[in-house]
Amino acid sequence: MKKFLALLLAMMMVVFTFGAVAETVDPDTLPDECASEDGTYKLAFVTDVGQLKDKSFNQGTWNGVKAYACANGLTYKYYQPANGDQATDDDRYDAMKAAADNGAEVIVAAGFMQGTALAKAAAEFTGVKFVFIDGWSLGLPNVAPIAFAEEQSGYLAGYAVVKEGFEKVGFSGGGGGTNPACARYGYGFAQGMNAAAKEMGKTVELKYSWQYGATFSASPELQTMISGWYENGTQIVFACGGSMFASITAAASANDALVVGVDTDQSTQSETVILSALKGLSAATEWAIAKNYNGEWDTVGDVATSLGAKDNAVGLPTATWMLENYTVEEYEAQLAAIKDGTLVVDNTVLENDGVVNAGLDNVTIIYE
């Protein structure tokens, strides 16, 4: 990969090292559309549900598209499927078709909901390369599925909050419990909490819910539920679901409580965020796009790629976190143990009941 978002990654203190850093750029200063004289755009991004500028999953992926395009003199455009958070597979396909018809050479599609539409579009537009972020193999050589070991990042965050001293914690996830990435985050978070609590010789509480998160959107109902948690003693909530973040931080602000962010460093978005569980969306997107232009597509096309701690693709933002008791040195030791395989975080129990019955003896899980 030719260029990384060095400023953003330095802020995170998580160096996603898929390739060499060539230059420093702040992705938020880049325009959201590169003008094209002939109406064609070489790179395209098809958004997941939620807003483009969600300060999380969509925006992190989009920043990677923009950064690669600007570094390499390519035109680019984003396509938001019709009907917003109620978008159908047909809406997503239409967005991909529009991108292909407008000359896209590489289309980046974000989110597990893209699978059905992407399979149809990729089979039709065989000359176009598709990068499927948070995806899986579709059996098509022009689709590169890129996933992450979110359970590792979740584990690190869960371990940190308990070591920090929090005993009443919440997890509010997107996708209604069917989103593999959010499920991995949640299960890893619970495992990390359990490990820390066991070391400290105590039991901690985790309220665990997929309610009001099916479309990853902010809602009054979600804010009311989280406010109820805080009012009843929950000290900090892992906001794991894109634009759901706005409702959860609003509830936290009203109750003088705290939040764990997700995907990108969300500490600049709300003073309630003291920590974020990260994955290298921007860097991974750039890396995958570069495979096409470097003549290396066969290394990622129809190859199930999962990026984790060993790839420096998950972690916590030590430069911006607001932890006082848990140290950077302790965190780095945990991260190193995951990297070298000494510490293995399970990612096999993803369903709600599975998490509740996962044998986490030092966590009392209250499923709502």
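Residues numbered from 1 in each chain as written. Predicted model: local features only at pLDDT ≥ 70, side-chain atom pairs only at ≥ 80, totals over all residues. Heavy atoms only, no water.

Side note on the overall build of the protein chain
Then step 1. Looking only at helices and strands, one finds eleven helices and 13 strands in the protein chain.
Then step 2. What you see for the protein chain is a C-alpha radius of gyration of 20 Å, in line with the 21 Å of a compact globule of 368 residues.
Then step 3. When the backbone C-alpha atoms are referred to their principal axes, the protein chain occupies close to 65 × 40 × 35 Å.
Then step 4. Taken over 368 residues, the protein chain has a buried fraction of 60%.
Then step 5. Within the protein chain, contacts between residues at least 6 apart in sequence are counted, and of these 69% link residues at least 24 apart.
Then step 6. Of the roughly 13500 Å² of accessible surface on the protein chain, 48% is carried by carbon and sulfur atoms.
Then step 7. Mean positive and mean negative side-chain charge positions of the protein chain (21 and 45 charges, respectively) differ by 4 Å. (Helix = DSSP H or I, 4+ residues; strand = E, 2+ residues; numbered from the N terminus. Rg over C-alpha atoms; globule rule 2.2 N^0.38 Å. Buried < 20%, exposed > 50% of the residue type's maximum accessible area, 1.4 Å probe, protein only. Contact = heavy atoms within 4.5 Å. Areas by Shrake-Rupley, 256 points an atom, 1.4 Å probe, with all protein chains shown as cover. Lys, Arg positive; Asp, Glu negative; His and termini not counted. Charge placed at Lys NZ, Arg CZ, Asp CG, Glu CD.)

So, the packing of helix α7 (residues 220-231) against helix α8 (residues 244-254)
Then step 1. Interaxial distance between α7 and α8 falls to 8 Å at its minimum, and their mutual angle equals 40°. The two elements α7 and α8 meet at a crossing, and its hand is right-handed. Within the contact between the two elements, α7 uses Leu-222, Gln-223, Ile-226, Ser-227 and Tyr-230 and α8 uses Met-244, Ser-247, Ile-248, Ala-250, Ala-251 and Ala-252.
Then step 2. Residue composition of the contact of α7 with α8, by class: eight nonpolar, three polar and no charged. (Axes fitted to C-alpha atoms, helices over the stretch in contact; angles between N-to-C directions. Left-handed = near helix turned anticlockwise from the far one by under 90°. Nonpolar A, V, L, I, M, F, W, Y, C, P; charged D, E, K, R; others polar.)

So, the sheet that holds strand β12 (residues 314-315)
Then step 1. The mixed open sheet is built from seven strands, whose spatial order is β12-β10-β9-β8-β6-β7-β13. Each having just a single partner strand, β12 and β13 (363-367) make up the two edges of the open sheet.
Then step 2. Sheet analysis places strand β10 (residues 273-279) next to β12, joined by two bridges and oriented antiparallel. Bridge pairing in β12 places Lys-279 opposite Val-314.
Then step 3. Relative to β10, helix α5 (residues 150-164) is tilted by about 160°, and along the sheet it contacts β7 (204-209), β8 (236-240), β9 (258-263), β10 and β12. (Pairing = 2+ DSSP bridges.)

Considering the confidence of the model for the protein chain
Then step 1. Counting all residues, the mean pLDDT for the protein chain is 89, and 90% of those residues have values of 70 or more.
Then step 2. This model gives residues 1-24 a pLDDT under 50, and the stretch forms 78 contacts once residues within four places in sequence are excluded. (pLDDT = per-residue confidence, 0-100.)

A look at the packing of helix α3 (residues 89-101) against helix α4 (residues 115-124)
Then step 1. Contact pair α3 / α4: the axes reach a minimum separation of 8 Å and the direction vectors enclose 35°. Classified by chirality, the crossing of α4 by α3 is right-handed. Of the residues in α4, those in contact with Asp-89, Arg-92, Tyr-93, Met-96 and Lys-97 of α3 are Thr-116, Ala-117, Leu-118, Lys-120, Ala-121 and Glu-124.
Then step 2. Within the contact of α3 with α4, the residues separate by chemical class into five nonpolar, one polar and five charged.

Quick notes on the pattern of salt bridges
Then step 1. For the structure on display, the rule yields twelve salt bridges.
Then step 2. A salt bridge links Arg-92 to Asp-89; the nearest nitrogen and oxygen atoms lie 3.4 Å apart. Taken as a pair, Arg-92 and Asp-89 lie in helix α3 at a separation of three residues, close to a single helical turn.
Then step 3. Here the residues in one salt-bridge network are Asp-134, Glu-150, Arg-184, Asp-263 and Lys-279, joined through shared partners. (Salt bridge = Lys/Arg side-chain N within 4 Å of Asp/Glu carboxyl O.)

A look at the environment of Phe-216
Then step 1. Take Phe-216: it is sitting in the loop between β7 and α7.
Then step 2. Judged by relative accessible area, which is 8%, Phe-216 ranks as buried.
Then step 3. Between the C-alpha atoms of Phe-216 and Cys-240, which are 24 residues apart in sequence, the distance is 8.8 Å.
Then step 4. Among all residues touching Phe-216, those that are not within four sequence positions of it are Val-49, Phe-112, Met-113, Gly-174, Gly-175, Asn-179, Cys-182, Gly-241, Gly-242, Ser-243 and Met-244.

Some details on the pairing of β8
Then step 1. Where burial is concerned, most of β8 is hidden: five out of the five residues are buried.
Then step 2. Side-chain alternation along β8 places Ile-236, Phe-238 and Cys-240 on one buried face and Val-237 and Ala-239 on a second face that is also buried.
Then step 3. Pairing analysis gives five bridges linking strand β6 (residues 168-173) to β8, with the strands arranged parallel. Paired with Ser-172 across the two strands is Ala-239, which belongs to β8.
Then step 4. The pairing of β8 with β9 spans three bridges and is parallel. Note on β9: the bridge partner recorded for Ile-236 is Leu-258.
Then step 5. After leaving β8, the chain enters α8 and then returns to the sheet as β9, a path that is right-handed. (Right-handed = clockwise from strand over helix to strand, strands pointing away.)

Quick notes on the sheet that holds strand β5 (residues 143-148)
Then step 1. Strand order in the open sheet formed by six strands is β2-β1-β3-β4-β5-β11, with parallel pairing between adjacent strands. Pairing within the sheet leaves two strands with one partner each, and these edge strands are β2 (76-79) and β11 (305-307). When the angles between neighbouring strand axes are averaged without regard to direction, this sheet yields 20°.
Then step 2. Across three bridges, the pairing between β5 and β11 is parallel. Residue pairing across strands places Phe-148 opposite Leu-307, the latter belonging to β11.
Then step 3. The strands that α3 touches are β1 (43-46), β2 and β3 (106-110); relative to β3, the one it contacts most, it runs at about 160°.
Then step 4. α4 contacts β3, β4 (129-133) and β5 of the sheet and is inclined by roughly 170° relative to β4.

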